[in-house]
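Per-entry structural report
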Amino acid sequence: MTVSPTDLAHADLLGAEAVADPYPLLAALREHDPVHWSARYRSWFVTRYDDVLAALRDERFSSDRITPYRRAKLEGPGADAGVRAAFEVLEGWMVFKDQPDHKRLRRLLSRAFTPRAVTGMTSSVEEIASELLDGIVATSGGDVDLIGDFAYPLTASVIADMLGVPRADREQFKDWSDQITGLVFGGMGDASRHEVGARGMAELTAYLSELVRAHEREPADDLISAMISARDDRDALSHDEVISTGVLLLFAGHETTTNLIGSGILALVQHPGQRALLGDHPELVGGAVEEALRFDGPAKTVARVMGDDVELRGRTLRRGERVFLSPSSANRDPSVFPDPDAFDITREKSGQLGFGIGMHYCLGAPLARLEASIAIPRAFARLPGLRLTDEPLEWHPVLLSRGMQRFPAQFTP
Ligand code: HEM
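Bear in mind that the values here come from a model prediction, so they are computed numbers and not experimental data.

Conventions adopted
Residues numbered from 1 in each chain as written. Predicted model: local features only at pLDDT ≥ 70, side-chain atom pairs only at ≥ 80, totals over all residues. Heavy atoms only, no water. 1 Å grid on protein atoms, 1.4 Å probe; cavity = no way out; pocket = protein on both sides within 12 Å on 5 of 7 lines; lining within 4 Å. Points joined across faces, edges and corners; volume = space filled by probe spheres on them. Nonpolar A, V, L, I, M, F, W, Y, C, P; charged D, E, K, R; others polar. Helix = DSSP H or I, 4+ residues; strand = E, 2+ residues; numbered from the N terminus. Near = heavy atom within 4 Å. Polar contact = N/O pair within 3.5 Å; in protein donor to acceptor, adjacent residues only side chain to side chain. Pairing = 2+ DSSP bridges. Axes fitted to C-alpha atoms, helices over the stretch in contact; angles between N-to-C directions. Parallel < 35°, antiparallel > 145°, perpendicular 65-115°, else oblique. Left-handed = near helix turned anticlockwise from the far one by under 90°. Contact = heavy atoms within 4.5 Å. Donors = N, O, S within 2.8 Å, 3.2 Å for Na, K, Ca; no water.

Turning our eyes to something else, we now look at empty space enclosed by the protein. A full pass over the atoms with the stated rule returns three cavities of 30 Å³ or more. Empty space within the largest cavity amounts to approximately 40 Å³. Ala-11, Asp-12, Leu-13, Leu-29, His-36, Ser-38, Tyr-41 and Phe-45 are the residues that line the largest cavity. Of the residues in the lining of the largest cavity, the class split is five nonpolar, two polar and one charged. Size it by volume and the second largest cavity reaches roughly 40 Å³. If you trace the second largest cavity, you find it lined by Gly-264, Leu-268, Leu-278, Val-285, Ala-288, Val-289, Ala-292 and Ile-376. Looking at the lining of the second largest cavity, the elements that each hand over two or more residues are α13 (239-270) and α15 (285-296).

Before going further, it helps to examine the site of the ligand. Around the ligand lies a shell of 28 residues, among which His-102, Arg-106, Arg-304, His-360 and Cys-362 are the nearest. Contact between the ligand and Arg-106: an oxygen atom at 2.7 Å from a side-chain N or O atom of the residue. Between the ligand and Arg-304 there is a distance of 2.8 Å, counted from an oxygen atom to a side-chain nitrogen or oxygen. Among the secondary structure elements, those contributing two or more residues to the shell around the ligand are α6 (101-112), α13, β5 (302-306) and α17 (365-382). Here the shell around the ligand gets seven residues from one element, more than from any other, and that element is α13. Taken together, the residues of the shell around the ligand break down into 18 nonpolar, eight polar and two charged.

One key point about sheets: their strands pair by backbone hydrogen bonds, in either a parallel or an antiparallel sense. Across the sheet, which stays open at both edges, the three strands sit in the order β4-β12-β9 with antiparallel pairing between neighbours. Two strands lie at the open edges of the sheet, namely β4 (143-145) and β9 (387-388), each paired on one side alone. Looking at chain direction, β9 and strand β12 (residues 408-410) are connected through two bridges and run antiparallel. Across the sheet, the residue bridging to Leu-388 is Ala-409, located in β12.

In a pair of packed helices, the angle between the axes and the distance between the axes together describe the arrangement. One way to put it is that helix α11 (residues 193-217) packs onto α13 with a least axis distance of 9 Å and a crossing angle of 120°. In terms of their interaxial angle, α11 and α13 are classed as oblique. Our pair here, α11 against α13, has a crossing hand that is right-handed. Counted together, Met-201, Leu-204, Thr-205, Leu-208, Ser-209, Val-212, Arg-213 and Glu-216 of α11 and His-239, Val-242, Ile-243, Gly-246, Val-247 and Leu-250 of α13 form the full contact between these two elements. Taken together, the residues of the contact of α11 with α13 sort by class into eight nonpolar, four polar and two charged.

Our next topic: the coordination of the iron atom of the ligand. A lone protein donor contacts the iron atom of the ligand, and this donor is Cys-362 (SG), found at 2.3 Å. By the element assignment, Cys-362 lies in the loop between α16 (327-330) and α17.

Right, dumping it as C-alpha cells:
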C-alpha cells in the first residue's frame, strides 16, 4: 500500500488495510504530518520518534484519561452503575494516574513485583510452554492457531501462576480478562463492549476480593501476598488497591505479551534467514525479542489527554484534547533506526519504545522479555517446519494495540 500526502486528511488507522499493516500509513504521517489531527477520532496522532519520546516524558501529556471520561459520561441519572463501577476500578490503575498518586502506587508495587519474583518464574514459564506445545503436537495433526492454542493460554497461565490464582480457576479468569479488553482497548463502534466489560469486571473483582481475603488470612509465596505485605514506613496498598492492581497485572501482562509472542514468531516465519540465524545462534534470542518489539510490537499507540496547551511542530494541542503517541511509528523512524523496515535480530542499537519510557515505563518488561524469549524458540524447536497457511491473518481492529486475533499455522507433525 502506498499513501499519498493528500490522502492524509482522512487517514484512518482502523481502515481495513491499516489494521492489516499500519506501517505505510504511519510512515506517511511521520513524513508529511507528524502531528496529525484526526477529525474522525477527534484526536491527535504523534508519530516521530523524538516527539513520542519527549511527550512520554512530559507530564503535560496526562495519563488520567479515565476520570474526565467518568465525570462526563458516567455521572448523574441514567448512567449505568455497573459501567461506572468498572471505570472506578480502572481509575485505580497506576497506568492511568499522574503524580503524586502514580509514584506512590508504583513504589509500593515495585516492592512486590521485583526482578527476583520475575526470575523466579523461569521454570514455571518453561513448564507451561512445554505442556502447551506437547498438547499441540499430540492433538493437532499439524494445524495450529499459535495465538489461541499457545501464546494466549501461556501468558494467562503465567500471570495467574504469579498472582497465585488456583489452576482450576484459570479458564474463568481468562474469560473475564477477555471481557474487560473492550473497556481498555476500545474497539470503537462496538456498543456492547462497555456492558460486557462491566460484567466481566464485576465478576473478576468479586473473585479477586475473595482471593485477597484468603491470602490475608493465610499468606502464600505469590504476588497477591507480596502486594498485601508491600509497605514502607509511610503506607501500604489498601484491600481495594490490591484488587485493582491485580486486575491491572492480569490485563497488562496477558494481552500484550500474547501479541509479542505472536508477532515475534510471525516475523521469524516471514524472514527465514533471521530464523536460521537464531536457530544457529540461540544466544541471539534477547536481540530477537528486542527486534520483535521494535519491528511489530504490541503498543501501536499510547493514549494521553492534554493537561495543558502545548505547541508541537507548529500545531497547538489544547488542554483536554486526546493524543495518541505511537511507539509502532517511532520504532520505524528512519532518523533513529537505519533501514527501519528490515527485521534484523543483530541490530546494534535498540532504544525501541515498545514498553514506553519515563515514569510509566512498563513495569512488566522483564516478565514479557522472559516469556517471549522462552516461548518463541521453543515453538520453533517443538513445531518443525512451522509455516503460514493460505488463511489470511486477522488483526485486532483497535487503535491502541497491535496483535493477531488468530495465527493459523502448520507444522510437520
Ligand atoms: C510485550 C508485552 C508488553 C508490552 C508491549 C507492554 C507495554 C507497555 C507500555 C507501552 C506501557 C506504558 C503505558 C503508558 O505510558 O501509558 C506499559 C505499562 C505497564 N505495563 Fe506493560 N507491557 C507488556 C507486558 C507487561 C507485563 C507482562 C506486565 C505485568 C505483568 C505489564 C505491566 C505493566 C504495568 C503495571 C504498567 C504501568 C506502569 C506505570 O504506569 O508505571 N506489562 N506497558
